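# What the coordinates show
So the chains spell out like this:
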Amino acid sequence: MSHNEFHNLREKLYDVQMPVEADLWQDIEATMRRRRMRRMLYYASSVAAVVLLVLLLLLPGGEIGQPQGQTLVAEAVSDKVPSEVAAVVVAEPAAEVAAVAEPSAAADVVAEPAGAMEVSGAEVVPVAELGYTAPVGNTASEEKAASKVNVASEAVASEVGKNAVAEADAQEAVAAQSQTVAPKERRAAMALADDILEFGDERERGNRGYTLAFSQGIMPGSAASVAGSRVMASSAFGGALEHSHMVEQVSDTKYSLPVNAGLQIQFPVGENMAVGVGVNYSMLKSKYDCLIDKVHYNVKQKLHYIGVPVNVYGLVVERNNFSFYVNAGVTLEKGIRAVYELNSYRDSQKYRADIEGVQFSINAGLGVEYKFGNAVGLYFEPNLVYYTNSEVMYSIRTDQPFQVKADIGFRFHF
Amino acid sequence: MVRNLSTAKTEAELIAGCMKNDALAQRHVYEWLSPRMFAVCFRYVGEREAAMDVLHDGFITLFAKIGGYKGEGSFEGWARRIFITAALMHLRKKDALKHSEQIEDFSGDMAYDPHVVERMDAQVLLKVIAQMPAGFRTVFNMYAIEGYTHQEIAQELGITEGGSRSQLSRAKLWLKEKIKEY
């Protein structure tokens, strides 16, 4: 049986074409997007699992849940141990909660569990108002509070972080107060005294100085597709088109995750605060379809910005190699270049244009840093950002002035 | 500053773009290949809706595996094999190929008149072939249109070479009867 007998048939049918339904490409694109998302979720889950595992391995047993543990112990102790001991115990974790939540609530949070204590709420408030929680016994207010309790807690509070003798004194003092208490509670009180002293040691270990940070960030909350079409002026694409054209956007705008990278120097201001000044680069990508003189084009827009961020950082808590902080600041950005790629079925055109005006934004957020030794730290800094006057160039910042950004980078301490 | 750069997209550029997951390059490859590959899918599965599903799955596979194209042979030929494989998978899922092995060797004078085929419109011919029973149709498509050998068909479908020949003979007989109507 020869192939030749099918020659005519093959010639007729090999290259025959059939029209395809218009929405099939959207289905294919959606499927591919779903698959990419699944892959990303898989990778993110894997990375998260590894990070979690590493953290669990790095942290000594029980450290992760320490604040909660102390609170529980404090409550248990407060029933039977003299109130002065409980007061010292409660102050630290309660102030942490207050610093994150609402400063004015700090006094209540602290005062309530220590109902029998002599420390007034007003004396504890300044700790929370500072916006961070220092280790117990290290701030003036806490020392003042400690001075009002009995000898046992004075021994603990005043000697924190000073010398090894204090540890023995504190334990003895606590033990003395706890003689009438059941052994279980006594052990708890002793453990707390150890913890308090340990915090003092950690504080001595901490170094505050100039830091240099390299960061790269994305805005995970900002990738989006914004619906709607618009008639664009002939000056669309930043005025890049050389002649007057009728330009109409005919699809939703799909924004990619904005990407930024930067360099920053931090200067210490006071004991637990720092000011950071730097320079960063941001790129915003988006794409949409439009008709230019009734010809269908797929448009890719890239905007490049250089900015100067100024941030204030406040240390919240420092444990082992981790430090948690809050930050707030402003950034002034200048658009340096807009690039447009216009693609039709068989050709493409590329335009570049300048970006007029400046972009202003304010931001606030939290951060966590893990120090590898004393010199290098890896940090993660999620922030809320609000962009103003972004109308100078149509971008995701125009559609979504409120965004979440997440910086990750290395910090070098000098 | 305004700068205009115009470039024509070559096949190689489109393929390179697809390898980088460039959505626009993927769209262009889709626009370029989809009408022909849709016809291929339709020839194999015989139903328009099912052919759309196969075309969809074929493009997903094509973009996922495009890194495997090493530039040996035409890209369209490479892509065509992906769509044929997708169509065969679809037929297997539907058990449409299970009768392939049950047909015994079949011989006889079954040649159709090639001149009739010449006179027929391609679209009509396509629809006629789509009506063929799935077992015959698959072997007929692979042998007569795509140019597979019986050995390749046997390997692909998991049947014997004799079974492939029998299927082809039956397909020819069926086609001969069918084109009498035109």
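Everything in this summary refers to the structure shown in the same document. Just so it is clear, the structure is predicted and the values come from calculations on it, not from any experiment.

### Observations concerning the overall build of chain B
When helices and strands are counted, chain B shows 9 helices and 1 strand. Mapped in sequence order, the helices and strands of chain B form the string β-α-α-α-α-α-α-α-α-α. Within the span of chain B, comprising 182 residues, buried residues form 53% of the whole. Working note: accessible area of chain B is about 8500 Å², and carbon and sulfur atoms make up 48% of it.

### Remarks on the environment of A:Leu263
Relative to the elements of secondary structure, A:Leu263 occurs in strand β6 (residues 259-269). For the pair A:Leu263 and A:Gly409, spaced 146 residues apart in sequence, the C-alpha separation works out to 9.5 Å.

### Structural notes on the packing of helix α2 (residues 23-45) of chain B against helix α4 (residues 75-93) of chain B
All names here are of chain B. In contact at an axis separation of 10 Å, α2 and α4 are set at 40 degrees when each is read in the N-to-C sense. One way to sum up the angle between α2 and α4 is to call them oblique. Crossing geometry of α2 relative to α4 is assigned as right-handed. In this structure, α2 contributes Val29, Trp32, Leu33, Arg36, Met37, Val40, Cys41, Arg43, Tyr44 and Val45 to the contact, and α4 contributes Phe75, Glu76, Ala79, Arg80, Phe83, Ile84, Ala87, Leu88, His90 and Leu91. A class-by-class count of the residues in the contact of α2 with α4 yields 15 nonpolar, 1 polar and 4 charged.

### Some remarks on the pairing of strand β8 (residues 295-319) of chain A
Consecutive residues of a regular strand have side chains that alternate between opposite faces of the sheet. Residue and element names in this part refer to chain A. In the sheet, strand β7 (residues 273-292) pairs with β8 via 18 bridges, with the strands oriented antiparallel. Bridge pairing in β8 places Tyr288 opposite Val299. Linking two consecutive strands that pair antiparallel, namely β7 and β8, is a turn of 2 residues; a positive phi of about 50 degrees is found at Asp293 within it. In terms of strand pairing, β8 meets strand β9 (residues 322-343) through 21 bridges, oriented antiparallel. Within β9, the residue paired with Gly307 across the bridge is Glu333. Hairpin connection, β8 to β9: the antiparallel pair is bridged by 2 residues, and Asn320 has positive phi, about 45 degrees.

About the criteria used
- Residues numbered from 1 in each chain as written.
- Chains lettered and ligands numbered in written order.
- Predicted model: local features only at pLDDT ≥ 70, side-chain atom pairs only at ≥ 80, totals over all residues.
- Heavy atoms only, no water.
- Helix = DSSP H or I, 4+ residues; strand = E, 2+ residues; numbered from the N terminus.
- Buried < 20%, exposed > 50% of the residue type's maximum accessible area, 1.4 Å probe, protein only.
- Areas by Shrake-Rupley, 256 points an atom, 1.4 Å probe, with all protein chains shown as cover.
- Axes fitted to C-alpha atoms, helices over the stretch in contact; angles between N-to-C directions.
- Parallel < 35°, antiparallel > 145°, perpendicular 65-115°, else oblique.
- Left-handed = near helix turned anticlockwise from the far one by under 90°.
- Contact = heavy atoms within 4.5 Å.
- Nonpolar A, V, L, I, M, F, W, Y, C, P; charged D, E, K, R; others polar.
- Pairing = 2+ DSSP bridges.

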